[in-house]
Amino acid sequence: MLKKISVERLAPGMYVHDLGVAWADHPFTLNRFKLKSEDQVAELMAAGLQAVYIDTDKGDDVHDAPTAADVRAEVDARMRDVANESPPPMRITVSEEIRNARILYQRAGTVVRDVMRDGRLGKAVQVENVAGLVDDITQSVVRNSGALLAMLRLKNKDDYTFMHCVSVGTLMVTFGRALGLSGEALRQAGIGGFVHDVGKTLVPDAILNKAGKLSEGEFLLIKRHPAEGHAILLKSSNVGAAPLDITLHHHERMDGKGYPEKLPADRISQLARMAAIVDVYDAITSDRPYHKGIAPTEALRKMLEWCNGHFDETLLRQFIRCIGIYPTGTLVRLSNGWLAVVTEQNTSVLLKPAVRAFYCSTARGPIAPVEIDLAREPDYRIVADESPEQWGVDPMHFLEVTRH
Ligand SMILES: [Fe+2]
């Protein structure tokens, strides 16, 4: 059945039958197609279309599906909800912890490289080295989790597979601690994060870094990495149940459409659910050979949007609370045009962290660094995430400035 609806009511899943304008006047290659994403809906709106015909026999009906505006409003409401919660307090400032975090980050890269090399050579993985690293990372996270989180933003796209394991391990420790894990349980969660993709060491780089669409065969090869990683770890002594579970199940989904086992939600452990969240967060915020990472805030918004099928929503909200809506190290633009780096999460409202402003985007020049606690300074607010690359600035440099 054909229905004419306003573009605001369009949503992914609907089948567009007629755009109502000439082919040359819209940005799509076809006149008839199924909407697959919010981005496509946004493109239709941006093209200035007012109303379109949908075919409810070939796609979702307007009554069955939430509208694009509904989805946006719902995600906004969920972000606001989380924003009213408080992150755990820090013992020292990010500036005081950043040097130590930099050294730890480099050491983590070496440890993960060794794990991957051993896995590739069919040797036992040295879990004791990973456990020692996790303990030191835990200490850094306890002092100030923002320092290592900021460091994770530095990944080089060519090193992605290694550094992704470093990120997932660090995020598992940060997230696990925020959820109340400690001692051996937290250590095992961290180890699981650091080794979770060890199976990728058996996938050719040409496939891991392929820029174009993967063939079905290539995708099947990639989908073998959880089971292959699990097999590598089984050959190593002293690997606990938690790292084995995280490695095998970090691609399972709450709707049962994950891999390798298509587990239903009630058979996915909390650790595997946590790993699924931090794995996707790091993947979509990182530059890869074939795509540019998105800003953390946008990534968290998208994950909230997807969480019905993909993630455990309660855990996802706890993750956002743990790292912040504007994680430490994020470059933001303030309402007066200044660029600033987020230095500290605010313990009462996540949308208003403390920042250090250092550049004027309108005058296009540096300013003397200024500390601003956005919760106490109503004249300033964050208006956007910014790309450090685009502005040619290094926010890390300004995190290292000692506060007076
Ligand atoms: Fe993976």
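Not measured: the values here are computed from a predicted model.

1. Comments concerning the coordination of the iron ion
(1) Moving on: Coordination of the iron ion by the protein comes from Asp197 (OD), His225 (NE2), His250 (NE2) and His251 (NE2), over a distance range of 2.2 to 2.3 Å.
(2) Moving on: Viewed at the metal, the 4 donor atoms of the iron ion are separated by angles of 83 to 171°, and the geometry they form is irregular.
(3) Moving on: Ordering the donors of the iron ion by residue number gives the pattern D-x27-H-x24-H-H. With Asp197 in the loop between helix 6 (183–195) and helix 7 (205–208) and His251 in the loop between helix 10 (241–249) and helix 11 (270–285), this residue pair connects regions lying 54 residues apart in the sequence.

2. Topic: the pattern of salt bridges
(1) Moving on: A full pass over the atoms with the stated rule returns 19 salt bridges.
(2) Moving on: As a salt-bridge pair, Lys123 and Asp118 come within 4.0 Å of each other at their nearest N and O atoms.
(3) Moving on: For Lys123, a relative accessible area of 43% puts it in the partly exposed group.

3. Some thoughts on the pairing of strand 5 (residues 331–334)
(1) Moving on: With 3 bridges joining them, strand 5 and strand 6 (residues 338–344) adopt antiparallel strand pairing. If you follow Leu331 over to strand 6, its bridge partner there is Val341.
(2) Moving on: The loop that links strand 5 with its antiparallel partner strand 6 comprises 3 residues; one of these, Gly337, has a positive phi angle of about 95°.
(3) Moving on: In this sheet, strand 9 (residues 382–385) lies alongside strand 5 in antiparallel orientation, the contact comprising 3 bridges. Within strand 9, the residue paired with Arg333 across the bridge is Ala384.

4. Some points on unusual backbone geometry
(1) Moving on: Of note, the amide linkage connecting Tyr259 to Pro260 takes the cis form, showing an omega dihedral of 10°.
(2) Moving on: Residue position: Pro260 is located in the loop between helix 10 and helix 11.
(3) Moving on: A positive phi is found at Asn238, a non-glycine position, where the angle reads about 70°.
(4) Moving on: Topologically, Asn238 is positioned in the loop between helix 9 (225–235) and helix 10.
(5) Moving on: A residue is classified by how much of its surface remains accessible, and Asn238, at 58% relative accessible area, is exposed.
(6) Moving on: Although it is not a glycine, Lys262 sits at a positive phi angle of roughly 50°.

5. Quick word on the sheet that holds strand 1 (residues 2–6)
(1) Moving on: Pairing within the open sheet is antiparallel, and its 4 strands lie in the order 1-4-2-3. Looking along the sheet, the strands with just one partner apiece sit at the ends: strand 1 and strand 3 (33–34).
(2) Moving on: Alignment of strand 2 (residues 15–18) against strand 4 (residues 51–55), held across 2 bridges, turns out to be antiparallel. Bridging from a neighbouring strand, Asp18 pairs with Tyr53 of strand 4.

6. Considering the nonpolar core
(1) Moving on: Ranked by internal contacts, the top residues of the largest apolar core, which has 87 residues, are Met172, Phe194, Leu316, Phe319 and Leu334.
(2) Moving on: No other element matches helix 4 (residues 127–151), which puts 12 residues into this core.
(3) Moving on: Counting contributing residues, this core receives three or more from each of domain 2 (94–323) and domain 3 (331–399).
(4) Moving on: Setting aside residues up to four positions removed in sequence, Phe319 forms contacts with Leu171, Phe175, Ile277, Val278, Tyr281 and Leu300.
(5) Moving on: With 15 residues, the next largest nonpolar core counts Ala11, Leu35, Leu49 and Ile54 among its residues.

7. What about the sheet that holds strand 8 (residues 365–373)?
(1) Moving on: Pairing in this open sheet of 5 strands is antiparallel, and the strands run 8-7-6-5-9 from one edge to the other. Only two strands of the sheet have a single neighbouring strand rather than two, namely strand 8 and strand 9. Direction aside, neighbouring strands of the sheet carry axes that sit 35° apart on average.

8. Comments concerning the packing of aromatic side chains
(1) Moving on: For the coordinates displayed, the defined rule picks out 5 aromatic pairs.
(2) Moving on: On the basis of an interplanar angle of 25° and a centroid distance of 5.8 Å, the ring pair of Trp338 and Tyr380 is categorised as stacked. Of the two residues, Trp338 is situated in strand 6 and Tyr380 in the loop between strand 8 and strand 9; the sequence distance between them amounts to 42 residues.
(3) Moving on: A residue is classified by how much of its surface remains accessible, and Tyr380, at 22% relative accessible area, is partly exposed.
(4) Moving on: Taken together, Phe175, Tyr281 and Phe319 form an aromatic cluster joined through their ring pairs.
(5) Moving on: Across from the ring centre of Phe162, 4.4 Å away, lies the NZ or CZ of Arg113, which sits over that ring.

Reading the values: the criteria
Residues numbered from 1 in each chain as written. Predicted model: local features only at pLDDT ≥ 70, side-chain atom pairs only at ≥ 80, totals over all residues. Heavy atoms only, no water. Donors = N, O, S within 2.8 Å, 3.2 Å for Na, K, Ca; no water. Tetrahedral: all angles 85-135°; square planar, octahedral: opposite > 155°, others 65-115°. Helix = DSSP H or I, 4+ residues; strand = E, 2+ residues; numbered from the N terminus. Salt bridge = Lys/Arg side-chain N within 4 Å of Asp/Glu carboxyl O. Buried < 20%, exposed > 50% of the residue type's maximum accessible area, 1.4 Å probe, protein only. Pairing = 2+ DSSP bridges. Core = buried A, V, L, I, M, F, W, Y, C linked by side-chain atoms within 4.5 Å. Domains from an automatic or database assignment. Contact = heavy atoms within 4.5 Å. Axes fitted to C-alpha atoms, helices over the stretch in contact; angles between N-to-C directions. Phe/Tyr/Trp six-rings, centres within 6.5 Å; stacked < 30°, edge-to-face > 60°. Lys NZ or Arg CZ within 6 Å of the ring centre and 35° of its normal.

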